[in-house]
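# Observations on chain architecture
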Amino acid sequence: MQNEADVSPDVVIEPLSFKYLFPALKLVNSVFPRREQGWERADISFPISILPLGQFITRLAGYPMLKYWIARDRKTNQIYGTLGCYTRSDDPDAYWGGWMCVDPRQRGNIVGKKLYTVVVRQYRMKGDRAYFRMYTSTDPKEARARAIYERYGFKIYKEKFNPVTGYTILYYQAPFSEMGRSSLTSEDVRRSTE
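What comes next concerns the included structure. (Residues numbered from 1 in each chain as written. Predicted model: local features only at pLDDT ≥ 70, side-chain atom pairs only at ≥ 80, totals over all residues. Heavy atoms only, no water.)

## Quick word on the sheet that holds strand β7 (residues 167-175)
- The sheet built from seven strands is open, its strands ordered β1-β2-β3-β4-β5-β7-β6 with mixed pairing. Looking at which strands have only one partner, the edges of the open sheet turn out to be β1 (11-15) and β6 (155-162). Averaged over all neighbouring strand pairs, the angle between strand axes comes to 25°, with direction disregarded.
- Looking at chain direction, strand β4 (residues 91-102) and strand β5 (residues 131-137) are connected through three bridges and run parallel. In the strand pairing of β5, Tyr-95 is matched with Phe-132.
- Strands in contact with helix α1 (residues 21-31) are β2 (65-73), β3 (79-88) and β4; relative to β3, the strand with the most contacts, it is inclined by about 90°.
- Against the sheet, helix α2 (residues 42-50) contacts β2, β3 and β4, and its axis sits at roughly 100° relative to β2. (Pairing = 2+ DSSP bridges. Helix = DSSP H or I, 4+ residues; strand = E, 2+ residues; numbered from the N terminus. Axes fitted to C-alpha atoms, helices over the stretch in contact; angles between N-to-C directions. Contact = heavy atoms within 4.5 Å.)

## Some details on the pattern of salt bridges
- On inspection of all chains with the given rule, the structure shows six salt bridges.
- The shortest N-O distance in the salt bridge between Arg-72 and Glu-14 comes to 2.7 Å. Within this pair, whereas Arg-72 is found in strand β2, its partner Glu-14 is found in strand β1, the two being separated by 58 residues in sequence. Both residues of the pair, Arg-72 and Glu-14, belong to the buried class.
- When the shortest N-O distance is used, the salt bridge between Arg-105 and Asp-103 registers 2.6 Å. (Salt bridge = Lys/Arg side-chain N within 4 Å of Asp/Glu carboxyl O. Buried < 20%, exposed > 50% of the residue type's maximum accessible area, 1.4 Å probe, protein only.)

## A short note on the pairing of β2
- When you tally the buried positions in β2, you get seven out of nine residues, the bulk of the element.
- In this sheet, β2 lies alongside β1 in antiparallel orientation, the contact comprising five bridges. Across the sheet, Glu-14 pairs through a bridge with Ile-70, a residue of β2.
- Bridge analysis of β2 against β3 gives eight bridges, and the strand direction is antiparallel. Among the inter-strand pairings, Leu-66 is bridged to a residue of β3, identified as Tyr-86.
- From the end of β2 to the start of β3, which pair antiparallel, there are five residues, and Asn-77 there has a positive phi angle of about 65°.

## Section: the packing of α2 against helix α3 (residues 52-60)
- Viewed as axis vectors pointing N to C, α2 and α3 meet at an angle of 110°, and their least axial separation amounts to 5 Å. As the angle between them shows, α2 and α3 are arranged roughly perpendicular. Judged by residue contacts, Ile-48, Ser-49 and Ile-50 of α2 engage Pro-52, Gly-54, Gln-55 and Thr-58 from α3.
- Residues that form the contact of α2 with α3 fall into these classes: three nonpolar, four polar and no charged. (Parallel < 35°, antiparallel > 145°, perpendicular 65-115°, else oblique. Nonpolar A, V, L, I, M, F, W, Y, C, P; charged D, E, K, R; others polar.)

## Overview of the packing of aromatic side chains
- In this structure the tally under the stated criterion is 16 aromatic pairs.
- Ring centres of Tyr-95 and Tyr-123 lie 4.8 Å apart, and the angle between their planes is 45°; this geometry places the pair in the tilted category. Of the two residues, Tyr-95 sits in strand β4 while Tyr-123 sits in helix α4 (residues 111-124), which places them 28 residues apart along the sequence. Residues Tyr-95 and Tyr-123 agree in their burial class; the two are buried.
- Ring plane angle 75° and centroid distance 5.4 Å describe the contact between Tyr-149 and Tyr-172, whose orientation is recorded as edge-to-face. With Tyr-149 in helix α5 (residues 143-151) and Tyr-172 in strand β7, this residue pair connects regions lying 23 residues apart in the sequence. An identical accessibility class is assigned to Tyr-149 and Tyr-172; each is buried.
- An aromatic cluster of at least three residues, connected via ring pairs, comprises Tyr-95, Tyr-116, Tyr-123, Phe-132, Tyr-149, Tyr-152, Phe-154, Tyr-172 and Phe-176.
- The ring of Tyr-95 has Arg-129 sitting right over it, with the charged end atom 5.3 Å from the ring centre.
- Here Arg-133 stacks its cationic end above the ring of Tyr-157, 4.6 Å away from the centre of that ring. (Phe/Tyr/Trp six-rings, centres within 6.5 Å; stacked < 30°, edge-to-face > 60°. Lys NZ or Arg CZ within 6 Å of the ring centre and 35° of its normal.)

In C-alpha cells, the structure reads:
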C-alpha cells in the first residue's frame, strides 16, 4: 500500500459532469452489478443529479440536495472512484453518502481516502448538519464496505431487516465533530480540487 504522500497529484476530485457521466456509470456498474442494485439505480440518480429538472424532481421526492463526486486521472481522464452526497427532508441532522466505489485496480492507492476526505470536508465545513451517514448490509459481498466505514469511525446506529434480500441493512453514522482528521493535508485537498 502506498503512503498518502505518494498519491499521484494527477488524481483530481471534482463534481460529476456530463463529460464524465458515462465513464462514472461504467465504473459503478462494474463495482455494483445492475442486477444487485435493486431499486437504487446509479443510471437514474447520476444524470438526475446534474440536470436542473432532475434537481427539481429530487427536491419534490424529499431529497433537497443530491451531488456526485468523482476521482479522475487528469492525464488519462480515467474515473477511479465515485461518491455521492445527499440530504433527506426527513433527516435534517445528516448528510448521506452513497455509491462510494473505487476502481478495483486503484484500491490500496489512497484514491478512496482522498475522495472521501475531500467530499466529507466540503459538507463538514458547511456546519449545518451534525452527522455524515452511509449504509450497507450484512451481505458478505459488502464486508469490505463495513470494514472501511468502521475504520473511518462510523458506528451502526440502526439496523433494518430486508426480507427481499434476506440481509440486514446497517445504517452507519459519524458525527462531524468527532470525525478524525485525515492525514491528507489541506494542501493535498486543495490541489486535488483544482
